[in-house]
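# Structure at a glance
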Amino acid sequence: MEKSTLYCTIMAGGQGTRLWPLSRQAAPKQFLDLMGVGRTMLQMTYDRFRSICDPEHFVVVTNDMYRDLVHQQLPEVPQDNIITEPFRRNTAPCIAFATGFVKQKCPDATIIVTPSDHLIVTPSQFIEDVKTGVAFAKYNDALVTVGVRAKRAETAFGYIQVGAPVKGNYKMLNEVRTFTEKPNAEMAQVFYETGEFCWNTGVFIWTVESITNAMTKFLPNVQSQFDILDSVPLSHWNADTVRKAYDECENISIDYGVMEKARNVYVQQTESLWADLGSWGAVYEQAILDDIHNAILSGNAILKNTEGCMVHIPEGKTCIIDGLRDYLVVERDGIILICPREGAKDTLKYKAEMKAKMNNE
C-alpha cells in the first residue's frame, strides 16, 4: 500500500469518566494500560495503524493538558502533529479541525480517523480490512465507516444497516442503507434481530476532499469556521485562531451531523474482535479470566472463595479478597472502589457522592 498520502487521525481528548476512579481528568483511560498488557490504549491504537501509516503522518487531536502526555507515549509522532482543541465540541468539529491540518500538509490525503480507546483483539485482520476501505476511499467520493456485526441489542453504539456489496475487488465492503446513532432499547433489539446491522466502530476512512465536501453540505456552520483557517499557514495557527473557530461551532457528532444524512456512505465490515471500552462491564467482557471467572488486570491479588471478580490496583500493591462474587476492586491515587460489577455502571454517582462528602467534611 502506498503510504505517501495516507494519514491517520487519532482522537484522544476524551475524559473516560465511566471508568472512574482509574480514569481521571489528569490521565483519562486512553493514557492507561487498562488491560494489563504493558501498552496504553493510545499506544495500542498507534501500534495498530503503524504498519500502514508513517509516524509523521499521524495527527493526534487532544486537549492542551494532555499534549505532553501524548508526546511521552508516542515519541515517534512529531510534536507539531499533536494538535489541541480549546474545549470539546464532539467529533464533527474535531474531525474538521484535524482535516484542515492534514489538508495543508497533503491536500490529496486519504485519512483514517480512529478513537484512541478501543480494543481490537485481532489487529492484523482489522488492518487488512481497513486497507480495503482505504483502497476504495482513495479513488471514490466515499465516506467509509468500519463496522462489526451486532452481537446483541446495544444502545451505546451506532448502527449501520448493510446494503448491496460494492462491485470490484473490495471484500466485505458494502453500501449503507441506513446509519443510526445510538438507538433506544426497542429499536436496538429490532436492529439486532434482523441480522442486517453492524455496530459502528467509530473508525472512518475518506479523502480530504470527500469529508470536506460532506461537511460543507451538511454542517456548513462547522466547516466554514475551519475554511477560514485554510488561508492561514500552519505556522500561524495558534490558540486564539483555533479557539475562535471552536467558539462558532455547534456541539455535534459526525454521526448525527454527516453520516446519517449523506448518501455516499459505505461500510467496510470486519470480522475482528472489537470492543469500545467505555465501561467497567466492557473491560470485564474483554479481560482474560481464570477458570472461576476472575480477572486480575494490574497489581497482585490473593483471591479466596472468590469468583467473577475483576481487580485493577497499582503495580507493587497486593490485596487479599475473601468471599466476594461478581465484584469490582479498583484503586488509584488513594481512592478505592469496591462494588458489585453490575453497580460499576454507577461510577459517576459514586464519584459525585464522594466529592460531596469530602466537601462537607
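Residue positions are given per chain, counting from 1 as you read along its sequence in written order. For this predicted model, a pLDDT threshold of at least 70 governs which residues receive local features, and a threshold of 80 or more governs which side-chain atom pairs are given and counted, while totals over whole chains, interfaces and linings are taken from all residues. With hydrogens and water excluded, all non-hydrogen atoms of the structure serve as input to the side-chain values.

### Observations regarding the overall build of the chain
As a reminder of what qualifies: By the criteria applied, helices consist of DSSP H or I runs no shorter than four residues and strands consist of E runs no shorter than two, each listed in order from the N terminus. As a reference, a globule follows 2.2 Å times the number of residues to the power 0.38, and the radius of gyration itself is taken over C-alpha atoms. Residue exposure (1.4 Å probe, protein chains only): buried if accessible area is under 20% of the type maximum, exposed if over 50%, otherwise partly exposed. We call two residues contacting when some pair of their heavy atoms lies within 4.5 Å. Note that accessible areas follow from Shrake-Rupley with a 1.4 Å probe, and for residues the cover is restricted to the protein chains shown. In this tally Asp and Glu are treated as negative and Lys and Arg as positive; neither His nor the chain ends contributes. By convention, the charge on Lys lies at NZ, on Arg at CZ, on Asp at CG and on Glu at CD.
Each helix and strand counted, the chain has 11 helices and 17 strands in total. In summary, the chain has a C-alpha radius of gyration of 21 Å against a globular reference of 21 Å for 361 residues, a match within 12%. Across its three principal directions, the C-alpha atoms of the chain cover 60 × 50 × 35 Å. Residues counted as buried form 53% of the 361 residues belonging to the chain. Long-range pairs, those at least 24 residues apart, make up 67% of the contacts in the chain with a sequence separation of at least 6. Only carbon and sulfur atoms are counted for the fraction: they give 48% of the accessible area of the chain, which is about 16600 Å². The distance from the centre of the 36 positive side-chain charges to the centre of the 45 negative ones in the chain is 1 Å.

### With respect to the packing of aromatic side chains
Here is the rule we go by: Working definition: a ring pair exists when centres of Phe, Tyr or Trp rings (six-membered ring for Trp) sit within 6.5 Å. Plane angles under 30 degrees give stacked, over 60 give edge-to-face, the rest tilted.
Across all of its chains, the model carries 18 aromatic pairs by this definition. Ring geometry for F97 versus Y246: centroids 5.7 Å apart, planes at 90°, classification edge-to-face. Taken together, the residues span a long stretch of sequence, with F97 in helix 3 (residues 91-105) and Y246 in helix 8 (residues 239-247) at a distance of 149 residues. Grouping residues by exposure puts F97 and Y246 together as buried. Relative to W274, the ring of W199 lies with its centre 6.3 Å away and its plane at 55°, an arrangement referred to as tilted. Note that W199 is positioned in strand 9 (residues 197-207) and W274 in strand 11 (residues 274-276), a separation of 75 residues in sequence. Pair check on accessibility: W199 and W274 agree, each one buried. Three or more aromatic residues joined by ring pairs make a cluster, and in this case those are F87, F97, F101, F226, W237 and Y246.

### Examining the sheet that holds strand 17 (residues 335-340)
Operational definition: At least two DSSP bridges between two strands are needed for those strands to be called paired. Helix axes are fitted only over the stretch in contact, all axes being lines through C-alpha atoms; the angle between N-to-C directions runs from 0 to 180 degrees.
Read across the open sheet, the four strands follow the order 12-14-16-17; overall the sheet is mixed. Unpaired on one side and paired on the other, strand 12 (295-298) and strand 17 mark the two borders of the sheet. Taking each pair of neighbouring strands and ignoring which way they run, the sheet shows an average axis angle of 5°. Bridge count for strand 16 (residues 327-332) against strand 17 is six bridges, and the pairing is antiparallel. What sits directly across from R332, in strand 17, is I335.

### A closer look at the pairing of strand 8 (residues 173-180)
Bridge count for strand 7 (residues 159-165) against strand 8 is five bridges, and the pairing is antiparallel. In the sheet register, P165 faces strand 8, and the bridge partner there is N174. Relative to strand 10 (residues 265-269), strand 8 runs antiparallel, the two being bridged by three bridges. Looking at the pairing, E175 lines up with Y266 of strand 10.

### Let's talk about the layout of surface pockets
In plain terms, the rule: In the cavity and pocket records, a cavity denotes points on a 1 Å grid over the protein atoms alone where a 1.4 Å probe fits but cannot get out, a pocket denotes an open set with protein on both sides within 12 Å along at least 5 of 7 lines, and lining residues are residues with an atom within 4 Å of a point. Grid points are joined across faces, edges and corners, and a volume is the space filled by probe spheres set on the points. Classification convention: Asp, Glu, Lys, Arg as charged; Ala, Val, Leu, Ile, Met, Phe, Trp, Tyr, Cys, Pro as nonpolar; all other residues, Gly among them, as polar.
Size it by volume and the second largest pocket reaches roughly 430 Å³. The wall of the second largest pocket is formed by 17 residues, among which R67, I83, T84, W237 and N238 lie closest to the centre. Among the elements of the structure, strand 3 (82-85), helix 3 and helix 8 are those that each provide at least two residues to the lining of the second largest pocket. Looking at the lining of the second largest pocket, the element that brings in the most residues is strand 3, giving four residues. Residues belonging to the lining of the second largest pocket are distributed by class as follows: nine nonpolar, three polar and five charged.

### A word on unusual backbone geometry
Cis geometry marks the peptide bond from W20 to P21, where omega comes out at 5°. Mapped onto the secondary structure, P21 falls in the loop between strand 1 (6-11) and helix 1 (41-50). Even without glycine at this site, M172 takes up a positive phi of about 60°. Checked against the element boundaries, M172 lands in the loop between strand 7 and strand 8. The phi angle at H293 is positive, at roughly 70°, despite the residue not being glycine. One can find H293 in the loop between helix 10 (280-286) and strand 12. Classification of H293 by relative accessible area gives partly exposed; the value is 45%.

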